[in-house]
Structure formats: structure tokens, C-alpha cells
Protein chains: 2
Amino acid sequence: MKNNNHLVIMAGGVGSRFWPMSTPERPKQFIDVLGTGRTLLQLTVDRFSGICPISQVWVVTSKNYKDIVLEQLPGIPEENVLLEPCMRNTAPCIAYVAWKIAKRFPDANLVISPSDHIVMNVEEFKRVITKGLEFTAMNPNILTLGMMPSRPETGYGYIKAVCEDDGSNPYVDPLFTLGGTATDALIPEPVESPVEIVKVEAFKEKPNLQTAEQYLQEGGYYWNAGIFIWSVATIQSAFRKYQPELAAQFDAIQPALYEANEQSVIDEKFPECKAISIDYAIMENADNIYVFPADFGWSDLGTWGSLYGHLEHDENDNAVIGQGVRMVESSDCVVHVANDRKMVLQGLKGYIVAEHNGVLMVCRLEDEQRIKSFSESLNK
Amino acid sequence: MKNNNHLVIMAGGVGSRFWPMSTPERPKQFIDVLGTGRTLLQLTVDRFSGICPISQVWVVTSKNYKDIVLEQLPGIPEENVLLEPCMRNTAPCIAYVAWKIAKRFPDANLVISPSDHIVMNVEEFKRVITKGLEFTAMNPNILTLGMMPSRPETGYGYIKAVCEDDGSNPYVDPLFTLGGTATDALIPEPVESPVEIVKVEAFKEKPNLQTAEQYLQEGGYYWNAGIFIWSVATIQSAFRKYQPELAAQFDAIQPALYEANEQSVIDEKFPECKAISIDYAIMENADNIYVFPADFGWSDLGTWGSLYGHLEHDENDNAVIGQGVRMVESSDCVVHVANDRKMVLQGLKGYIVAEHNGVLMVCRLEDEQRIKSFSESLNK
């Protein structure tokens, strides 16, 4: 059977909150953040082994990172690495890759994934992705993954699922869960856990703490992980319906795709696209959006604190990446340095110690939101 | 007039308390500790400019450091760099250099100086050294420099000067202070400050705090800086009188000095010398010892804390060597890294941050006495 699964990785971010490990020259997706020997980008691709071949992996990134991507993903066709000449948020980026894939693979079924997230339970991740791809192969719907919230996090957007009045039983797609044929008809029906694919009522922006607590109490709210699944036909339709201007721009670019002049056309035309996120451009408008509640140990790894939570801790609750580091009377620290770096850290409690490319940062973990300003202080 | 002044620098220490800046491969005397562009060894020689020429500078060190010494002191005759095959404390080291100098320069007048101390007021230092050399040129006496104590330091030995009963007026050598001829006769006589050269009553080992406080209250006690001045004839006499065995050993070595086989003879015979400090070997026995109380901003720079006290402080009382270091919300820290090293240190109070040769140490200043154990933890 033909494998129509394609992985689209968005890898254009600069990761300023992870300075100095992450720099504009080599943002965090290109770094072995977890000390596993694989960069976050490589781990992202690794998670799709058995789901889609490397020839069907696509990376959208900045021109600056082309060589890094090709080096880190051996076997990826060079034409699968799409280079944005400037940042225009996620909608133009997704339109570009969708139009390109559609030209050669009109039956393609896509997973859109960030490049810098982590997943602890890869087996469960694969189960969810595989089931999600089955869903979008059979339904002309947009599917998002909704992370089961474990705390009233104010740093993420939330997805609200359609619920019955008693709040316990969301609408589900019975034909899909029953293995039926494609449909977008919905029959409200109580189901046993695990809740699977559910219709979306609304996308919610990052809430304040009180609202986040209310979401958790109420139930039916999931973290928006920025992972989307859809067929290329579905997303093109959505662009034509909700972003006709963007669709027209990429229709005009279309003849150049895979041609010698693709990059020069993109360099000229891409900057003309409006900068808009896929959430604003499509998600908040479309009515055929579903969420797949999932729990596979996900983190967007947005900050040192979130990394700290995902690393192994020693007996003093230090999370240390760096084989040459000795912690003496130190606790609650996260350390990230090269394995050949020798370091003794004594008497530190609750600090980040990170080094990359000849730049060392020591800062209090509680002050990590201000890392960007610390990095700027070096240029003064 | 012939310049008989010779400078003897003892540069064999390993400086373990200054790890990681100081390592066995390159101890602190060979490092630009103060960030001035000159190593402590070079600063030691610099302080004697105008007092003795580079051809009359002698360095006694370990064989491992020969190349470093020759590189850091251009113009020093290679035969002036004496290489100990092993550490035998200060008395054999001083005997070796004394016998060698005596063979060619029987009229030599020597200053013995450590290589890793610092002096803030070089002008006053030169005045004291010059006057001290005049004293020993005219007197067959041993002269030590006594540092005016500014606090009840328990880390130094003390020199007690001979005092009158009222404690205010030490014995002085009137002929010397009057510019008279050589003599070691003493006439008790009240003098006005500044107190100059005074006879020594006793050397005192490192006291406890209570005793140190008593010394300061009593007066007439000075820190033993390990800086000695004497003619080569005087010190040879002292060895013959108080350490006849050592004297005999170097009399036996004497024919080889300046010869092609000097090093091989030293390599064979030096290890046979007993390990004994010059204080025990000579100072505690001789009766012709004088002290020159001096105040030229001296520090033995034994620890990071003492370095901290001698560096310029920023508005938050950080002492920073390293032009690429940015201190953010940090105070009372001492930082010592290479000038091309980039570093942001945030939220640290009272820490040492030091780096050398790929090894970084962060530790609380108050725990600096345990640095040796921190350095050892890296080898576990």
C-alpha cells in the first residue's frame, strides 16, 4: 500500500529563551539539548520512523540553517528543505510547504510538527500520530493534538473540545472510532475513556492563572501543542476559503516549485505574504477542526525550567547535561555544557549554568524569563 | 660603582589554593593573576628594575617550569635558572643558589623573594629594598622584611622585634640609621617613626586568633613575608654554623656549578638534602637577625579572598578580571577568566568564578579553603 504520510517540520525559530545554548547561529532545534547524542530536530524525525520515510520529510526553515538541516538529516532530499527568506509566522510557511507537496503528492497526508518539542513516550506518540493520520486520510477535517493538561499552565494556548451539558462526554466521531468510512457528521454519544478524537469548540489564547485553573476544573480543555494533521487537499481548501489572498499568492508561485528558479521566486514573493499564524489564519475560522487528546509526555521545551523538568535528576535534584561536571553541595540546578567541559560547581542552589560556543551563563532559575536581557548585556 | 645586588626568586610552588587558575602545569606565579598583562613572576622582577639587572636575577624552580621561566623573563641567563629535581623546602633551595652565586659573585648582596606575592606600592617597596641592601652590604647580618600587620591574621607567621620595656621603642642600629659603617653592635635608643631596621627577638609560628589579637595590641610584631636580604657571605656563614651538613653537601656540589654536569650532579645530590625551611634551618637559630618593618601594600596572595582584596571593585563589590564578563545583579564576587571569554553571571553573591585551561570553578568565597578538594572531585 502506498505510504501517503508526510512529516512537515517547522524549524525556523531562534530559541532566544535558551541562550546561550541556543543562538541565532544555531538555535535549540539544532542542538543536543537532552544530551542523548541527537539534536531536537533529529529526535523529531526519529519519532516518525516507521510512519513516514525520510524522502517524505519536509523542513521549512531559514536560509541560514539549510546546511545544518542537510547535515543533521542525512538522506533528506535537498528539495524537501524549504528556505524562507524572512519570517512570516506559520501560515505562509505552511502554505508554501502544502503547495509544494500538493504539486507532486496530491494524496499526501501531513503531520505538521514543531522542531523543538520533546516527547517522553514515543510509543504512545506513534500510536496517536498513526491514528490521527488514519482519521485525516478518511476525513476532510483538520486535526490538532491536544495535550492533557497537568497544571494550570499560562504559557500555552488551550483547545476547548465540544462537550455535552454535563461536561463529561465530548462529542466524538463515532464512524471514525468505530473504524467507519469518512464523514464529518457528528452524533453526540457518551464514550468510555480514553477520549479519542473530538470536535473543537474553540481555540483559547494563553489564559491568566485564574482562567487556566478554571479550565482544568471544568475539563475538556487541552494544551495546544502546535501539532496538526490534515490531508494536503484539506489544508489547501481551508487556505482558499479563509485566506484566499495567501492561496492566490502560492497559486502564482506554484509553477516555479521544484524548478531551478524556485528559490529566487520565493525570495521575491514570500516577503509579500502577510505575517500571520496558522491559528489566526485558519484555526479560528474553520468549522471542521477536531482535537485528539493525547498524553505522551510532551513539552514545548520553551524554557530552561521546562528542560529541567524533563531531565534525570541526581540525588540533590540537579539536572546535569555534561559528563565533566561535578556538583558539590549544589542542588536544584540545571546544567548544560559540552561533555568534554570540566567544571566544578559548588554551593549553587536553583541556578541555570549553561555554556555554548564560548559563552557561559550562570543565572537563577527563577529569573529565566529575563535571559534575553542577560544575553543582550553581553553586547553592551 | 659595581652593582652587587642580586635578586633570587623562589618559584617552585604549585599554588593549589588558586585552582583552577593555578594548576601544577602552570602555577599562579606564571599567570597574569591581576589582569595587568604581566604574570606574578614578571611583576616580581619588574619591582627590582633599577635595583639589579636581569643578568643578576636568579630563579629557583622545578624542572617542569624551566621553559616557562625563560619565556616569561627574556634576557635572563639560562644558567641563572636553577632547577630542583624535587621539592626540599626552602633551605636547600636557598643554599643551592647561594653557593652558585658565591662561586662567581663573592661580593653579592641578595634579596630572596617569593614569586607569587603582590606589592601595591612599588615605590615604597623599592625604597625599603634599597635601604635593606645598603644595610646588608655594610653589616654581616640577616635582614627580614616585616609587614606592618593590619589585622589579626592567623595565616602568617610573625616576627617579634626586640623592644624596650615600655614597648614603644625598639632597638635600632644607630650606625646604620646614621649612615655609619658596618657593625652589629646595638645601642638601645628611642627613635621617632618611621621605625626602620630593628633587631629580631623571635620568629613566631602562625598564631591562633586570640594570640594574633594580642600581638597587634602589644605592638612590635610584624608579618613574616618570606623576603630576606643578606650578603652571600653572611648566608653561607649561617649555613656553615647552623646547617653544617647542608653546607658540606653544597661544598661537594660546588665544583660542578656552571659546568656541563651541574644539572646531573644536582639531580643526583639535591634529593639527598633534608627538606627543611629556611626559618627552621637558620632563622630560629641565628642571633644576627634584623627586621625592617615595612608597609608597601603587600599580600602573599595565598587565596582567592586575598586576591579579591587587592583588585579593583565595581559598584557592587565585584572584583572581575576578564573583559568579556558581565555581572548582572551579582555582588561580592571575584571572577578570573581570560579576556576573550564571554560570560554573564546573574544573581551570584559572594562567589568565586574562575576558569583556566578549560576548567571552570564556581564556589562560595567562604568555602575557598576547600578548593583543593573541589579540584580533586574532578578526577573522581
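Residues numbered from 1 in each chain as written. Chains lettered and ligands numbered in written order. Predicted model: local features only at pLDDT ≥ 70, side-chain atom pairs only at ≥ 80, totals over all residues. Heavy atoms only, no water.

This next bit is on the side chain of S299 of chain A. Residue and element names in this part refer to chain A. One can find S299 in strand β11 (residues 298-299). A distance of 2.9 Å separates a polar atom in the side chain of S299 from the backbone nitrogen of L301. Dropping the residues within four chain positions of it, S299 is found in contact with H117, I118, S306 and H310. (Helix = DSSP H or I, 4+ residues; strand = E, 2+ residues; numbered from the N terminus. Polar contact = N/O pair within 3.5 Å; in protein donor to acceptor, adjacent residues only side chain to side chain. Contact = heavy atoms within 4.5 Å.)

Turning our attention to the relation of the copies chain A and chain B. Each copy of the sequence occupies a distinct position, and chain A is placed on chain B by a rotation of 180 degrees and an axial shift of 0.0 Å, giving an RMSD of 0.0 Å. Accordingly, the operation relating the two chain copies is best matched by a two-fold axis. No C-alpha of chain A approaches the rotation axis more nearly than that of L348 of chain A, which lies at 4.4 Å. Of all interface residues in chain A, 100% are interface residues in chain B too; the two copies therefore contact each other through one and the same surface. (Least-squares fit on C-alpha atoms with pLDDT ≥ 70 in both.)

Here we come to the nonpolar core. Within the largest apolar cluster, 51 residues are counted, with the highest numbers of intra-cluster contacts made by W230, F239, F250 and I282 of chain B. For this core, the element with the highest residue contribution is helix α3 (residues 90-104) of chain B, accounting for ten residues. In terms of nonpolar packing, the next biggest core, distinct from the first, is built from 50 residues, A91, A102, F239 and F250 of chain A among them. (Core = buried A, V, L, I, M, F, W, Y, C linked by side-chain atoms within 4.5 Å. Buried < 20%, exposed > 50% of the residue type's maximum accessible area, 1.4 Å probe, protein only.)

This part covers the sheet that holds strand β13 (residues 325-328) of chain A. The six strands lie next to each other as β13(A)-β15(A)-β17(B)-β16(B)-β14(B)-β12(B), forming an open sheet whose pairing is mixed. Two strands close off the open sheet at either side, each with one partner strand: β13 of chain A together with β12 (319-321) of chain B. Strand after strand, the sheet turns through a mean of 5 degrees between neighbouring axes, direction not considered. In this structure, strand β16 (residues 351-356) of chain B lies alongside strand β17 (residues 359-364) of chain B, joined through six bridges in antiparallel fashion. Residue pairing in the sheet places E355 of chain B in a bridge with L360 of chain B of β17 of chain B. (Pairing = 2+ DSSP bridges. Axes fitted to C-alpha atoms, helices over the stretch in contact; angles between N-to-C directions.)

Read across the open sheet, the six strands follow the order β12(A)-β14(A)-β16(A)-β17(A)-β15(B)-β13(B); overall the sheet is mixed. Whereas interior strands pair on both sides, the edge strands pair on one side only; in this sheet they are β12 (319-321) of chain A together with β13 (325-328) of chain B. Sheet twist, expressed as the average angle between the axes of neighbouring strands with direction ignored, equals 5 degrees. Summarising the sheet, strand β17 (residues 359-364) of chain A and strand β15 (residues 342-346) of chain B pair through four bridges and their orientation is parallel. In the sheet register, V359 of chain A faces β15 of chain B, and the bridge partner there is K342 of chain B.

This part covers the interface of chain A and chain B. When the parts of a complex come together, some accessible area is lost, and that lost area is often used as the size of the interface. Residue-level contacts link 28 residues of chain A with 28 residues of chain B. Surface buried jointly by chain A and chain B totals about 2400 Å² across both partners, of which 50% is contributed by carbon and sulfur atoms. The three residues of chain A that bury the most area against chain B are V344, Q346 and L360 of chain A, which together make up 25% of that side's buried surface. Summed over the shared surface of chain A and chain B, the result is six salt bridges. (Buried area = accessible area lost by both parts, 1.4 Å probe. Salt bridge = Lys/Arg side-chain N within 4 Å of Asp/Glu carboxyl O.)

Residues and elements named next belong to chain A. Put simply, W19 and P20 share a cis peptide bond, and its omega is 0 degrees. You will see that N89, though not glycine, has its phi angle at about 65 degrees, which is positive. Position of N89 among the secondary structure elements: in the loop between β3 (81-84) and α3 (90-104).

We now examine the pattern of salt bridges. What the rule picks out here adds up to 42 salt bridges over all chains. The partner of R38 of chain B in a salt bridge is D46 of chain B, and the shortest N-O contact between them spans 2.8 Å. Residue classification places R38 of chain B among the partly exposed residues on the basis of a relative accessible area of 33%. Residue E124 of chain B is joined to R127 of chain B by a salt bridge in which the shortest nitrogen-to-oxygen separation is 3.0 Å. One end of the pair, E124 of chain B, and the other, R127 of chain B, are both in helix α4 (residues 122-138), three residues apart, so they sit about a helical turn from each other. The exposure class of R127 of chain B is partly exposed, given its relative accessible area of 34%. What emerges from the salt-bridge pattern is a single network uniting E329 of chain A together with R364, E366, D367 and R370 of chain B.

This paragraph deals with helix α7 (residues 232-242) of chain B. By the burial criterion, the buried members of α7 of chain B are V232, T234, I235, Q236, A238, F239 and Y242 of chain B. Along its buried surface, α7 of chain B packs onto α3, β4 (109-114), β6 (142-147), β9 (221-231), α8 (244-253) and α10 (278-283) of chain B.

Further remarks concern the packing of aromatic side chains. Residue and element names in this part refer to chain A. Applying the stated criterion across every chain yields a total of 33 aromatic pairs over all chains. Measuring from centroid to centroid gives 5.0 Å for Y156 and W298, while their planes differ by 55 degrees, and the two rings are tilted. Residue Y156 is found in the loop between β6 (142-147) and β7 (158-161), and its partner W298 is found in strand β11; the two are separated by 142 residues along the sequence. In this structure, Y156 and W298 share a single accessibility class: buried. Three or more aromatic residues joined by ring pairs make a cluster, and in this case those are Y96, W99, F239, F250 and F270. (Phe/Tyr/Trp six-rings, centres within 6.5 Å; stacked < 30°, edge-to-face > 60°.)

Residues and elements named next belong to chain B. With respect to the secondary-structure elements, K199 resides in strand β8 (residues 198-204). For the buried K199, no salt bridge is present, and the opposite-charge side chain at shortest range is D287, 5.7 Å distant. Reaching out from K199, the side chain makes a polar contact with the backbone oxygen of D287 at a distance of 2.6 Å. (Lys, Arg positive; Asp, Glu negative; His and termini not counted.)

Turning next to the pairing of β16 of chain B. Residue and element names in this part refer to chain B. Counting buried positions along β16 gives five out of six residues, so the element sits mostly inside the fold. In the sheet, strand β14 (residues 334-336) pairs with β16 via three bridges, with the strands oriented parallel. Within β16, the position partnered with V335 by the bridge is V353. Connecting β16 to the antiparallel partner β17 that follows it, the hairpin turn spans two residues, and N357 within it adopts a positive phi of roughly 55 degrees.

Turning next to the environment of V353 of chain B. Residue and element names in this part refer to chain B. Tracing the sequence through the fold places V353 in strand β16. Residue V353 is classed as buried on the basis of its relative accessible area of 0%. Separated by 333 residues in the primary sequence, V353 and P20 have C-alpha atoms spaced 9.6 Å apart. Residue contacts for V353: discarding those within four places in its chain leaves V334, V335, H336, V337, M343, L345, L348, L360, M361 and V362.

Here the focus is the state of the cysteines. Such a bond, covalent and formed between the sulfur atoms of two cysteines, is termed a disulfide. Residue and element names in this part refer to chain B. Summed over all chains, the structure comprises zero disulfides over all chains. A disulfide-free cysteine, C52 has its sulfur positioned 16 Å from the sulfur of C93, the nearest such atom. We note that C333 lacks a disulfide partner, and the nearest cysteine sulfur, in C363, lies 11 Å from it. (Disulfide = S-S within 2.5 Å.)

Time to look at the packing of α3 of chain A against helix α8 (residues 244-253) of chain A. When two helices pack together, their arrangement is given by the angle between the helix axes and the distance between those axes. Residue and element names in this part refer to chain A. Two elements in contact, α3 and α8, have axes whose closest approach is 10 Å; the angle formed by their N-to-C orientations is 40 degrees. In this view, α3 runs oblique relative to α8, as classed from their interaxial angle. In this structure, the crossing between α3 and α8 has a hand that is right-handed. Note on element contacts: α8 touches α3 through L246, A247, F250 and D251, opposite A91, P92, A95, Y96 and W99. (Parallel < 35°, antiparallel > 145°, perpendicular 65-115°, else oblique. Left-handed = near helix turned anticlockwise from the far one by under 90°.)

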